[in-house]
Amino acid sequence: MPSVNLRIDGDIAVITIDNPPVNALSMALGNMLLAAIETAARDPNVRGAVLIGAGTTFVAGADIREISTRQDGVHGRAPFDAIEAFEKPVVAALHGVALGAGLELALAAHYRVALPSVRVGLPEVLIGLLPGAGGTQRLPRLVGIDLALDLITSGQLLEAKDALRCGILDQLISGSDYDSLLRGALEFVRLRISNSTSLLAVRDLEITGFALSRFTQYRAAHEGKWRGLLAQWKVVDCIEAACTKPWDTGYALEARCFRECAESPQFSALSYLFFAERYAAKPRTVSPEATPREIFYAGVIGAGTMGTGIAMALANAGIRVRILETGSAELDRGLTQIRKSYCTAVSRGSLTSSQALEAVSRVSGTLDYEDLRESDIVIEAVIEDPEVKKSVFRQLDQILKPGAILATNTSTLDVDEIAAATERPDAVVGAHFFAPANVMRLLECVKGADTSPQTLATILRFAKRLNKVAVVAGNCRGFIGNRILEAYGSEADYLLLEGATPWQVDTALKTFGFPMGLYRMRDMVGLDVARQARRQRRSDQNARFPFSQVEDQICEMGRFGRKTGAGYYRYDGRRATPDAEIELLIQKTSRMLDVRRKLITDDEIVNRLLTAMVNEGAAIVGEGYAARTSDIDIVYVYGYGFPGYKGGPMYWAERYGLRKIYDAVLKHRGKSAPLLARAAERGSWTGAEDS
Ligand code: NAD
C-alpha cells in the first residue's frame, strides 16, 4: 500500500514517500504527502524537513494511468505549494531518479541534495505532456532559460554532477545508500538552521539577462523537428511566461497547457507507446528462468556502415569492442570513420572530448579471428550475401568460447540458414540494428528455430544496456520491419503506375508525419542495394509484387540514388529535386503494363500505404512472427519514422477504423490477413489477437 511516513528526528521532520517500486506519485499519495507536510508545519518543535523516497529511489514520476482523468494539473498541486510555503527549510534528498513530478517536488523544496548516482529530469514531453506542477516555471528560475528550454523540450536526463553544476542540486552527499543520503540531508538542513540562512523559494528567484527574441529564435530553430507535435511548443510558451509574467500568471498558463496536452490524442498515443515499450521488453518467448549471460568483450565483423555504427553503440555503453575486417585498408577506413564520428559528436557538443576519447579507446581492430577468442558476443555486419555470412559464422564457431553469442545484423536473410553453418545454432540470434546504429533506438532481435531462451535473454539485456528498444521478431523474410516496408513499398510502386509521382507520395507521407518520404529514403539507402536483393530472390516472384519495373529501369540508367547524384530525384549535394525524366519514365511504364493513370489524392496515398502496413502487420502477428500488435508499433515508430504521436500503424488503425481498413484491403488486395478480418469484426485488436 502506498504511504507517506512522517517521523520527527530531533527537531527535523523526515517525510518518506513510499510507493514501491518507484514511488510513483498518485493522487492518493499526493494527499498523504500534503497531510504529512501540514502536520509537520503545525508542530512547533519542527525546525526543518527532509523529503525522501523509500527504497532505492526518490519519485520516478506521476502515475501515468491517472493523468487523463485529472482535472487539476498533474496530481493536484497542493502538496507542491505546501512544500514551497513551508516556513522552515525543506531539503529534498534524492537517490535513484527524480523524474517528472518527482523533480517538480524537489524543485518546490528550498534545497536539493543527492547521492552522486542520481539522475534527474523532466521527461514529460516524451509522452506528449509537459510538467504540470511548476516545472516549467521553477526550472528556468534555477538554471536559466536556455538550459530549461533544452531540458524540458527534449526530456533529457541529467547526471548528478551536471545537475550540481547547473544549480538544480545544491550538494552531493558522498555514499551510495539510503542511510548515507538521509544522514547527509539531515546534516545539511541542520547547518542551514544553525546558520539561520534566510529561506528563498525558487518561485521568488528572478530570471534576468535574456532577450525576448530568444523565444522567437528557439521556436524557429525547432520548426522542422517539432512539426506536428504539441507539448514542445507549449513548453516554450510556458517558459516564456515564466520570464515575462508574474508567477501566478505563468503557473496558471502551465496548468492550462498541461490540461490541453493531457486531453490531446498525442498523449494517448505516446503513453500507449510508453507501455508498449515495456511489454516488448518482456516477451512471452523468454522464459523467466533464462539467465542472461554477462557481456564484457564484444567483436564486430565488418567495418562498413553498420559495423562502425554498432561498434560505437557498444563503446558508448562502456563495452570493449574489436572489429574484424578482410584487409587493412577496409579496417583503417572503418576506424577512421569512427574517429571522425566522435569528432563530430564533440564539435556538436553531444559528447565531451574526454567522453569521446574514452569511447574511442574501447574500439580496436584486427584482421585475425584469433583476436576475437575472448569475446562474449560477436555481431556480424558483413555484406548481405548468405555465403559470405555463413563462412564468417563457420570461422566464429571454430574459435569462440562456449556460451558466447553469435549475432547477425542481416536485414533479410534466413537466420536459421546462417545458424546451420555452426555447431551451436542455439547461440545464434539476429540482432538487426538500424542505421545509424549508434543513434537509432530500435533493435529487432530475431529468434531462430534453435535460438535458446538464454541467448534471447542475453541479447535483450544487452539491448537495454545499449539503451535500445528491443522487439523480438520471428525468422520470416524481412522480419517485422522490412517485411512491412516491402508490403507498403509495393503499394507505393502501384500508386506510381496508377497516377501518383514519387514526390507526391513523399509529400503525403511527410504531411502525415514521417520525417522522410519513401522514395527519398530509397535514394538515400541506394537503389543498387535493393536491386541486388531483388536479383537474389527473383525466383519467389509473386504476381502481385512486380518488383518495381520503374526502379529497375532507374537503376539501368546508372541512377542509384543520392550517392550517384540521381535516383528517383536529382541531387545537388543533399538537396533533392523532382525530375521530369522520371515522371515520363513512370508514365511510359504504366502504358507498357496497360495500367490506366488517374488522379490520385494525397489522402488516397496515405490510406493505401497505411492500409498495406496494417494488413502486413496483422499477418506478421497472426503468423506468430511478432508477439503482439504493439510490437509492430514499436518497430515502426523507433525504426521506420512512423510519427510516435500517432502511436504506430496498428494503434492508428484502431482509431481510424479497422472495418474501413479491412474493406480497403479487400478492395485493393483481394484478401486480408485473417487477424485483420477478426479485428475488424470486433472493432479492436484486443481479443482478436488472442483468438
Ligand atoms: P557495407 O558494405 O557498408 O559494409 C560491409 C563491410 O563488411 C565492408 O567493410 C566489407 O569490407 C566487410 N566485409 C565483407 N566481407 C567480409 C568478411 N568476410 N569478413 C569481414 N568483413 C567483411 O554494408 P552495411 O550497410 O554495413 O551492411 C552490413 C549488414 O548490415 C548487411 O547484412 C546489411 O543487410 C545489414 N544492414 C544494413 C543496414 C543499412 O542501412 N546499411 C541496416 C540494417 C542492416
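To start, this report covers the structure provided alongside it.

A word on the site of the ligand
In the neighbourhood of the ligand, 24 residues make up the surrounding shell, with Met 306, Glu 325, Glu 384, Lys 389 and Ser 411 lying closest. Side-chain polar atom of Arg 333 to an oxygen atom of the ligand: 3.1 Å apart, as the coordinates give it. When the free accessible area of the ligand is taken as 840 Å², the share hidden by the protein chains comes to 76%. Breaking the shell around the ligand down by element, the ones donating at least two residues are helix H13 (305-316), helix H14 (328-348) and helix H16 (386-399). Sorting elements by how many residues they give to the shell around the ligand places H16 first, with three residues.

So, helix H24 (residues 580-592)
When the terminal C-alpha atoms of H24 are compared, their 18 Å separation across 13 residues agrees well with the 18 Å that a helix rising 1.5 Å per residue should span. Taken together, the buried positions of H24 are Ile 582, Leu 585, Ile 586, Thr 589 and Ser 590. Each buried residue of H24 sits inside an arc of 140° when the element is viewed along its axis, so together they form one side. With respect to the buried face of H24, the exposed residues turned more than 90 degrees away are Ala 580, Leu 584 and Arg 591.

Description of the layout of surface pockets
Of the volumes computed, that of the second largest pocket is approximately 490 Å³. Taken together, 25 residues make up the lining of the second largest pocket; nearest its centre are Tyr 272, Tyr 279, Ser 630, Thr 686 and Glu 689. With seven residues, helix H12 (residues 265-280) is the single largest residue contributor to the lining of the second largest pocket. A per-class count over the lining of the second largest pocket returns 10 nonpolar, seven polar and eight charged.

Thoughts on the side chain of Arg 559
Along the polypeptide, Arg 559 turns up in the loop between helix H23 (549-556) and strand E18 (570-572). On the basis of relative accessible area, Arg 559 is assigned to the buried category, the value being 5%. Here Gly 567 takes part through its backbone oxygen, which lies 2.8 Å from a polar atom of the side chain of Arg 559.

Some details on the nonpolar core
Within the largest apolar cluster, 169 residues are counted, with the highest numbers of intra-cluster contacts made by Leu 94, Ile 168, Tyr 488, Leu 676 and Trp 685. Excluding its chain neighbours within four sequence positions, the residues that come into contact with Leu 94 are Phe 58, Ala 106, Val 113, Ala 114, Leu 115, Val 118, Val 120, Leu 169 and Leu 181. Residues Ile 323, Phe 433, Ala 437 and Ile 459 belong to the second largest nonpolar core, which totals 39 residues.

Topic: the sheet that holds strand E5 (residues 97-99)
Spatially, three strands are ordered E5-E7-E8 in an open sheet, and the strand pairing comes out mixed. What marks the edges here is a single partner per strand, and that holds for E5 and strand E8 (157-159). When strand polarity is set aside, the average angle formed by the axes of neighbouring strands in this sheet is 15°. Of the strand pairs in this sheet, strand E7 (residues 119-121) and E8 are connected by three bridges, and their pairing is antiparallel. For Gly 121, the partnering residue across the bridge sits in E8 and is Leu 157. Contacting E5 and E7, helix H4 (residues 101-108) crosses the sheet at an angle of about 90° to E5.

Comments concerning the pairing of strand E17 (residues 469-474)
Of all the six residues making up E17, six are buried; the element is thus mostly covered by neighbouring parts of the structure. Alternating residues of E17 divide into Val 469, Val 471 and Ala 473 and Ala 470, Val 472 and Gly 474, and every residue in both groups is buried. Inspection of the sheet shows strand E16 (residues 442-447) paired to E17 by six bridges, in the parallel sense. Note on E17: the bridge partner recorded for Cys 445 is Val 472. At this point the chain moves from E16, through helix H18 (residues 453-465), to the parallel E17, and the crossover so formed is right-handed.

Quick word on the sheet that holds strand E3 (residues 48-53)
Read across the open sheet, the six strands follow the order E1-E2-E3-E4-E6-E9; overall the sheet is mixed. The sheet is open, and its two borders are formed by strand E1 (3-9) and strand E9 (171-172), each paired with just one other strand. Here strand E2 (residues 12-18) runs beside E3; their pairing, made up of six bridges, is parallel. Each bridged residue has a counterpart across the sheet, and for Ala 13 the counterpart in E3 is Ala 49. Along the sheet, helix H8 (residues 178-194) makes contact with E1, E2, E3, strand E4 (90-94), strand E6 (111-114) and E9, crossing E3 at roughly 160°.

Overview of the packing of helix H20 (residues 502-512) against helix H25 (residues 602-622)
Look at H20 against H25: their axes get within 9 Å of each other, and the N-to-C directions meet at 75°. Classed by the angle they form, the pair H20 and H25 counts as roughly perpendicular. Contact residues: Gln 504, Val 505, Ala 508, Leu 509 and Phe 512 in H20; Asp 602, Ile 605, Val 606, Leu 609 and Leu 610 in H25. For the contact of H20 with H25, the class distribution of residues is eight nonpolar, one polar and one charged.

Topic: the state of the cysteines
With the rule as written, the count across this model stands at zero disulfides. For the unlinked cysteine Cys 166, the closest cysteine sulfur is that of Cys 243, found at 16 Å.

Let's talk about the packing of helix H19 (residues 481-498) against H25
One can describe the packing of H19 onto H25 by two numbers: an axis separation of 8 Å at closest approach and a directional angle of 150°. Between H19 and H25, the angle is such that the two are roughly antiparallel. In this structure, the crossing between H19 and H25 has a hand that is right-handed. Every residue of H25 that contacts H19 at Arg 483, Ile 484, Ala 487, Tyr 488, Glu 491, Ala 492, Tyr 494, Leu 495 and Glu 498 is listed here: Ile 605, Arg 608, Leu 609, Ala 612, Met 613, Glu 616, Gly 617, Ala 619 and Ile 620. Per-class residue counts for the contact of H19 with H25 are 12 nonpolar, one polar and five charged.

Quick word on unusual backbone geometry
Geometrically, the link from Pro 20 to Pro 21 is a cis peptide bond, its omega value of 5° lying close to zero. For Pro 21, the location among the structural elements is in the loop between E2 and helix H1 (27-42). With an omega dihedral of -10°, the bond running from Ala 435 to Pro 436 counts as a cis peptide bond. Note that Pro 436 resides in the loop between strand E15 (428-432) and E16. Positioned with a positive phi, Asn 467 is a non-glycine residue whose angle comes to about 60°. Along the polypeptide, Asn 467 turns up in the loop between H18 and E17.

Comments concerning the packing of aromatic side chains
Between two aromatic rings, the relevant description is the distance of the centres plus the angle of the planes. For the structure on display, the rule yields 18 aromatic pairs. Between Phe 512 and Trp 652, the ring centres sit 6.2 Å apart and the planes meet at 80°, which makes this aromatic pair edge-to-face. In this pair, Phe 512 sits in helix H20 while Trp 652 sits in helix H27 (residues 649-656), placing the two residues 140 residues apart along the sequence. An identical accessibility class is assigned to Phe 512 and Trp 652; each is buried. One aromatic cluster in this structure is built from Phe 512, Phe 514, Phe 642, Trp 652 and Tyr 656. In this structure, Arg 77 is placed above the aromatic ring of Tyr 251, and the distance from its NZ or CZ to the ring centre is 3.6 Å. We note Arg 192 situated over the ring of Phe 188; from NZ or CZ to the ring centre the distance is 3.8 Å.

About the criteria used
- Residues numbered from 1 in each chain as written.
- Predicted model: local features only at pLDDT ≥ 70, side-chain atom pairs only at ≥ 80, totals over all residues.
- Heavy atoms only, no water.
- Near = heavy atom within 4 Å.
- Polar contact = N/O pair within 3.5 Å; in protein donor to acceptor, adjacent residues only side chain to side chain.
- Areas by Shrake-Rupley, 256 points an atom, 1.4 Å probe, with all protein chains shown as cover.
- Helix = DSSP H or I, 4+ residues; strand = E, 2+ residues; numbered from the N terminus.
- Expected span 1.5 Å × (residues − 1).
- Buried < 20%, exposed > 50% of the residue type's maximum accessible area, 1.4 Å probe, protein only.
- Arc of directions from axis to C-beta.
- 1 Å grid on protein atoms, 1.4 Å probe; cavity = no way out; pocket = protein on both sides within 12 Å on 5 of 7 lines; lining within 4 Å.
- Points joined across faces, edges and corners; volume = space filled by probe spheres on them.
- Nonpolar A, V, L, I, M, F, W, Y, C, P; charged D, E, K, R; others polar.
- Core = buried A, V, L, I, M, F, W, Y, C linked by side-chain atoms within 4.5 Å.
- Contact = heavy atoms within 4.5 Å.
- Pairing = 2+ DSSP bridges.
- Axes fitted to C-alpha atoms, helices over the stretch in contact; angles between N-to-C directions.
- Right-handed = clockwise from strand over helix to strand, strands pointing away.
- Parallel < 35°, antiparallel > 145°, perpendicular 65-115°, else oblique.
- Disulfide = S-S within 2.5 Å.
- Left-handed = near helix turned anticlockwise from the far one by under 90°.
- Phe/Tyr/Trp six-rings, centres within 6.5 Å; stacked < 30°, edge-to-face > 60°.
- Lys NZ or Arg CZ within 6 Å of the ring centre and 35° of its normal.

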